Amino acid sequence: MSLLATAAIEVAQAVELAADAAESDADPQSVAGASSAGFAYGLAAIGPGIGIGYLVGQAVQAMARQPESAGMVRTTMFLGIAFTEALALIGFVVFILLKFV
Amino acid sequence: MIAQVQFPPIDNIVNWEPYFGEGEFFQFDKVSLIMLLGLLIPMGIFLLGGAGKAMVPSGLQSVAEGSVNFIMDIINQTIGHDGKKYLPLLMSFFWFILIGNITEVIPTFQMPANARMGSPLVLALIAFFFSIGAGIKKHGLKYFTNTVVVPGLPTALHFLVIPIEILSNFFIKPFSHAVRLFANMLAGHILLVTFGVLCIAVFSATPLLLALPFSFLGLVGLTGFEVMVAFLQAYIFTLLAGVYIGSALADDH
């Protein structure tokens, strides 16, 4: 029990130290860049997430109804995923540009 | 920086010290080595695998024949049954990208060559110009009007649709073709680096040692996931190259 308590105190101290360090060397521009990068990727992931979910759901339904056409449906599904995913990936590239460049 | 977790800057995880020729045209670093392997390994597989002509293939021969079957399936689904002459191009795409991707999870490499924009960009441009060339060879200059003019629209709408079609066919298509591969591999690489850094940081910070099994399991699981992504991205790039060539050859647009 005391071991756990010591560990908890140590964690709290470590987090506090880290917070101090973050406060001291925080460059406002990099903080703004990082937070907007997070928002950019999060927003860019919403649409493709819904789209891919809907697409794969419909493809599963089609395969369940017509198992003999599963191969064709799978190819078309991957194509659709590739096109839908492009938006999320462009969001990811924007994330990289904002965060690191 | 949270509790001594220091993520390395992005330059440190995608740039490597050149082995020789620093700053020259022939600078040779880890990415160049992986690309060279992407040339040599498929050559070895097909030269050695094609040497023995056993009726029941085994070893390298089954790898070679299996990948030919795999690419022929892609061609049949996208270009059609007369697309056999595009087999070498798509086969080279598939093997080069697969080897560039799979080095992401191979120890001592730990770097996908396709996480640098150069390689996907050149591959996408090759596919793009190849599809244009195939279209011009089949339809002549009518290929361009076929591509950008959507038949059966009212005249006024053409002013709106033709610029959109030009933009989407000649700019967005090759761009997204390249970015899809690049961003997937870079994202996977950063993910693995993040979990690796987390493991090391947690290991050195005594109070957080309890979290080590979780981050380690996360690293192992994501490595398996990245193997799947490496195959899937090589497949999707080849499939899309086939689709672009197929749509350039199609008569009904």
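Parameters and conventions
Residues numbered from 1 in each chain as written. Chains lettered and ligands numbered in written order. Predicted model: local features only at pLDDT ≥ 70, side-chain atom pairs only at ≥ 80, totals over all residues. Heavy atoms only, no water. Helix = DSSP H or I, 4+ residues; strand = E, 2+ residues; numbered from the N terminus. Buried < 20%, exposed > 50% of the residue type's maximum accessible area, 1.4 Å probe, protein only. Contact = heavy atoms within 4.5 Å. Areas by Shrake-Rupley, 256 points an atom, 1.4 Å probe, with all protein chains shown as cover. Phe/Tyr/Trp six-rings, centres within 6.5 Å; stacked < 30°, edge-to-face > 60°. Lys NZ or Arg CZ within 6 Å of the ring centre and 35° of its normal. Axes fitted to C-alpha atoms, helices over the stretch in contact; angles between N-to-C directions. Parallel < 35°, antiparallel > 145°, perpendicular 65-115°, else oblique. Nonpolar A, V, L, I, M, F, W, Y, C, P; charged D, E, K, R; others polar. Polar contact = N/O pair within 3.5 Å; in protein donor to acceptor, adjacent residues only side chain to side chain. pLDDT = per-residue confidence, 0-100. Expected span 1.5 Å × (residues − 1). Left-handed = near helix turned anticlockwise from the far one by under 90°.

Caption draft 1: Structural detail: the overall build of chain B. The helix and strand tally for chain B stands at eight helices and zero strands. Put simply, chain B runs from its N terminus to its C terminus through helices and strands in the order α-α-α-α-α-α-α-α. Taken over the C-alpha atoms alone, chain B extends approximately 70 × 55 × 40 Å along its principal axes. Sorting the 253 residues of chain B into buried and exposed places 46% on the buried side.

Caption draft 2: Fine view of the overall build of chain A. A count of helices and strands for chain A gives three helices and zero strands. Along chain A, helices and strands appear, N-terminal first, in the series α-α-α. Expressed as a percentage of the 101 residues in chain A, the buried residues total 26%. Taking the intrachain contacts of chain A between residues at least 6 apart in sequence as the baseline, contacts between residues at least 24 apart amount to 75%. Accessible surface, chain A as shown: approximately 6,600 Å² in total, 70% of it carbon and sulfur.

Caption draft 3: Structural detail: the packing of aromatic side chains. Using the criterion set out here, one finds 16 aromatic pairs over all chains in the structure. With centroids separated by 6.3 Å and ring planes inclined at 85 degrees, the aromatic side chains of Tyr-41 of chain A and Phe-92 of chain A adopt a geometry described as edge-to-face. A residue pair is termed long-range when its members are at least 10 positions apart, and Tyr-41 of chain A in helix 2 (residues 28-65) and Phe-92 of chain A in helix 3 (residues 70-100) qualify at 51 residues. Residue classification places Phe-92 of chain A among the buried positions, given a relative accessible area of 10%. A centroid spacing of 6.0 Å and a plane angle of 40 degrees characterise the contact between Phe-144 of chain B and Phe-170 of chain B, whose relative ring orientation is tilted. You can see Phe-144 of chain B sitting in helix 6 (residues 142-148) and its partner Phe-170 of chain B sitting in helix 7 (residues 155-204), a full 26 residues away along the chain. Three or more aromatic residues joined by ring pairs form one cluster here, namely Phe-78 of chain A together with Phe-46, Phe-70, Phe-94, Trp-95 and Tyr-235 of chain B. Positioned over the ring face of Trp-16 of chain B is Lys-30 of chain B, at 3.4 Å from the centre of the ring.

Caption draft 4: Highlighting the packing of helix 7 of chain B against helix 8 (residues 212-249) of chain B. All names here are of chain B. Relative orientation of the contacting elements helix 7 and helix 8 amounts to 170 degrees, with a least axis distance of 10 Å. By the angle between their axes, helix 7 is roughly antiparallel relative to helix 8. Considering only residue class, the contact of helix 7 with helix 8 consists of 19 nonpolar, nine polar and three charged.

Caption draft 5: Quick look at the environment of Val-193 of chain B. Residue and element names in this part refer to chain B. Within the secondary structure, Val-193 is located in helix 7. Judged by relative accessible area, which is 17%, Val-193 ranks as buried. Non-local contacts of Val-193, meaning those with residues more than four positions away in its chain, are made with Phe-7, Pro-8 and Ile-13.

Caption draft 6: Quick look at the side chain of Ser-131 of chain B. All names here are of chain B. Mapped onto the elements of the fold, Ser-131 is located in helix 5 (residues 118-139). According to the relative accessible area criterion, Ser-131 is buried, its value standing at 5%. Within the local environment of Ser-131, its side chain forms a polar contact with the backbone oxygen of Phe-128, the two atoms lying 2.8 Å apart.

Caption draft 7: Region of the structure containing the environment of Val-243 of chain B. Here Val-243 of chain B shows up in helix 8. On a C-alpha basis, the gap between Val-243 of chain B and Ser-131 of chain B in space is 9.3 Å, while along the polypeptide they are 112 residues apart. When neighbours within four sequence positions are excluded, Val-243 of chain B is seen to be in contact with Leu-79 of chain A together with Thr-78 of chain B.

Caption draft 8: Highlighting the side chain of Asn-101 of chain B. Residues and elements named next belong to chain B. Following the sequence through the fold, Asn-101 ends up in helix 4 (residues 87-102). For Asn-101, a relative accessible area of 0% corresponds to the buried category. A distance of 3.3 Å separates a polar side-chain atom of Asn-101 from the backbone oxygen of Ala-230.

Caption draft 9: View of the confidence of the model for chain B. All names here are of chain B. Summarising the model, chain B shows a mean pLDDT of 88, and 96% of its residues fall at 70 or more. When pLDDT is averaged over each element of chain B, helix 4 comes out on top at 95 and helix 1 (residues 10-14) at the bottom at 82. Interface confidence for the predicted complex, expressed as ipTM, amounts to 0.71; the pTM equals 0.84.

Caption draft 10: A look at helix 2 (residues 30-49) of chain B. The end-to-end C-alpha separation of helix 2 of chain B is 27 Å, in line with the 28 Å expected for 20 residues at 1.5 Å each. Residues of helix 2 of chain B that are buried make contact with helix 3 (60-78) and helix 4 of chain B.

Caption draft 11: Region of the structure containing the packing of helix 5 of chain B against helix 8 of chain B. All names here are of chain B. For the pair helix 5 and helix 8, the least separation of the axes is 8 Å and the interaxial angle reads 20 degrees. Here helix 5 is positioned roughly parallel relative to helix 8, judged by the angle of their axes. Like other packed secondary-structure pairs, helix 5 and helix 8 cross with a definite hand, here right-handed. In this structure, helix 5 uses Leu-123, Ala-124, Ala-127, Phe-130, Ser-131, Ala-134, Gly-135, Lys-138 and His-139 to contact helix 8, whose residues at the interface are Phe-237, Ala-241, Tyr-244, Ile-245, Ala-248 and Leu-249. Residues belonging to the contact of helix 5 with helix 8 are distributed by class as follows: eleven nonpolar, three polar and one charged.

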